[in-house]
Amino acid sequence: MKSWFEYEYGYLNVDAENMYFTNTGNGSELRTLKEMPFGKKVGKKKHPFLFLGSMVFPFCFFLFDMGLTGQSITVMACFLLVFYFVYNYLKKDMGISMWIPLERIELIEIKTNFARISYRDPQEQVQSVPLDKIGKDGIEILTRLKSHSSQRE
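This structure is a prediction, so every number in the text was calculated from the model and none was measured.

**Notes on the pattern of salt bridges**
Next up, step 1: For the structure shown, the criterion picks out four salt bridges.
Next up, step 2: A salt bridge links Glu124 to Arg120; the shortest N-O distance between them is 2.9 Å.
Next up, step 3: Here the salt bridges do not stand alone but share partners, grouping Arg104, Glu106, Arg120 and Glu124 into one network.

Written out as structure tokens, the structure is:
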């Protein structure tokens, strides 16, 4: 069983022994990955509104400096649109890069286009990785993996 799918912040590759979280989905990247973080919590991803919200201060300054005119509103809207597209382009780089042995997976929770994978880290603490915006093929892969892992137990 060797398969992969895309989620919001990267790619998940699965083979017979491990689950690999990558930013590019490239198979050659799998050899350079490190095992799950030792004792570290897997960070939560920032929402695009937080990214856009960090731009509010410069825009408020811009508005107060130029005044509230049609031109200043147009410029501000263009800046926000550009920052939103830059965020969408770069969000794959914000994803996690690690691998998890399949025997360490505790639970796979699957919803419509969301999944949460809980696993034991090397210190035997349970951590989880949320996967958002998963396609239909990704849900199928995780469902097969979930049924496969329940048969092992």
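**Describing the nonpolar core**
Next up, step 1: Counting residues in hydrophobic clusters, the biggest one holds 24 residues, and the most contacted among them are Leu12, Met19, Phe21, Ile117, Leu131, Ile134 and Leu142.
Next up, step 2: Counting residues per element, the ones that place at least two in this core are strand S1 (3-7), strand S2 (10-14), strand S3 (18-22), strand S4 (98-101), strand S5 (105-110), strand S6 (114-120), strand S7 (126-132) and helix H4 (136-152).
Next up, step 3: Among the elements that take part in this core, H4 stands out by supplying four residues, more than any other.
Next up, step 4: Ignoring any residue separated from it by four or fewer positions in sequence, one finds Phe21 in contact with Tyr7, Tyr11, Leu12, Leu33, Ile96, Ser97, Met98, Ile100, Ile117, Val129 and Leu131.

**Quick notes on a nonpolar patch on the surface**
Next up, step 1: On the surface, Val82, Val86, Tyr89 and Leu90 cluster together to form a nonpolar patch covering roughly 410 Å² of accessible area.
Next up, step 2: For Val82, the position within the fold is in helix H3 (residues 70-90).

**Let's talk about the sheet that holds S6**
Next up, step 1: Taking strand neighbours across the sheet as the criterion, the three strands line up as S5-S6-S7 in an open arrangement whose pairing is antiparallel. Of all the strands in the sheet, the pair left with one neighbour each is S5 and S7. When strand polarity is set aside, the average angle formed by the axes of neighbouring strands in this sheet is 15°.
Next up, step 2: One ladder, built from five bridges, connects S5 with S6; its direction is antiparallel. Paired with Leu107 across the strands is Ser118, a residue of S6.

**Observations concerning the pairing of S1**
Next up, step 1: Only one face of S1 is buried: it carries Ser3, Phe5 and Tyr7, and the other face, with Trp4 and Glu6, is open.
Next up, step 2: Bridge count between S1 and S2: five bridges; the pairing is antiparallel. The residue bridging Trp4 from the neighbouring strand is Asn13, located in S2.
Next up, step 3: The loop that links S1 with its antiparallel partner S2 comprises two residues.

**Observations concerning unusual backbone geometry**
Negative phi characterises most residues that are not glycine, and trans characterises most peptide bonds.
Next up, step 1: The phi torsion at Glu124 lies on the positive side, around 65°, for a residue other than glycine.
Next up, step 2: Among the residues examined, Glu124 registers a relative accessible area of 47% and is labelled partly exposed.
Next up, step 3: Of note, Lys133 is a non-glycine position whose phi angle comes to about 55°, a positive value.
Next up, step 4: Here Lys133 lies in the loop between S7 and H4.

Cut-offs applied
Residues numbered from 1 in each chain as written. Predicted model: local features only at pLDDT ≥ 70, side-chain atom pairs only at ≥ 80, totals over all residues. Heavy atoms only, no water. Salt bridge = Lys/Arg side-chain N within 4 Å of Asp/Glu carboxyl O. Core = buried A, V, L, I, M, F, W, Y, C linked by side-chain atoms within 4.5 Å. Buried < 20%, exposed > 50% of the residue type's maximum accessible area, 1.4 Å probe, protein only. Helix = DSSP H or I, 4+ residues; strand = E, 2+ residues; numbered from the N terminus. Contact = heavy atoms within 4.5 Å. Patch = residues over 30% accessible without salt bridge, like charges linked within 9 Å, V, L, I, M, F, W, Y side chains within 5 Å. Areas by Shrake-Rupley, 256 points an atom, 1.4 Å probe, with all protein chains shown as cover. Pairing = 2+ DSSP bridges. Axes fitted to C-alpha atoms, helices over the stretch in contact; angles between N-to-C directions.

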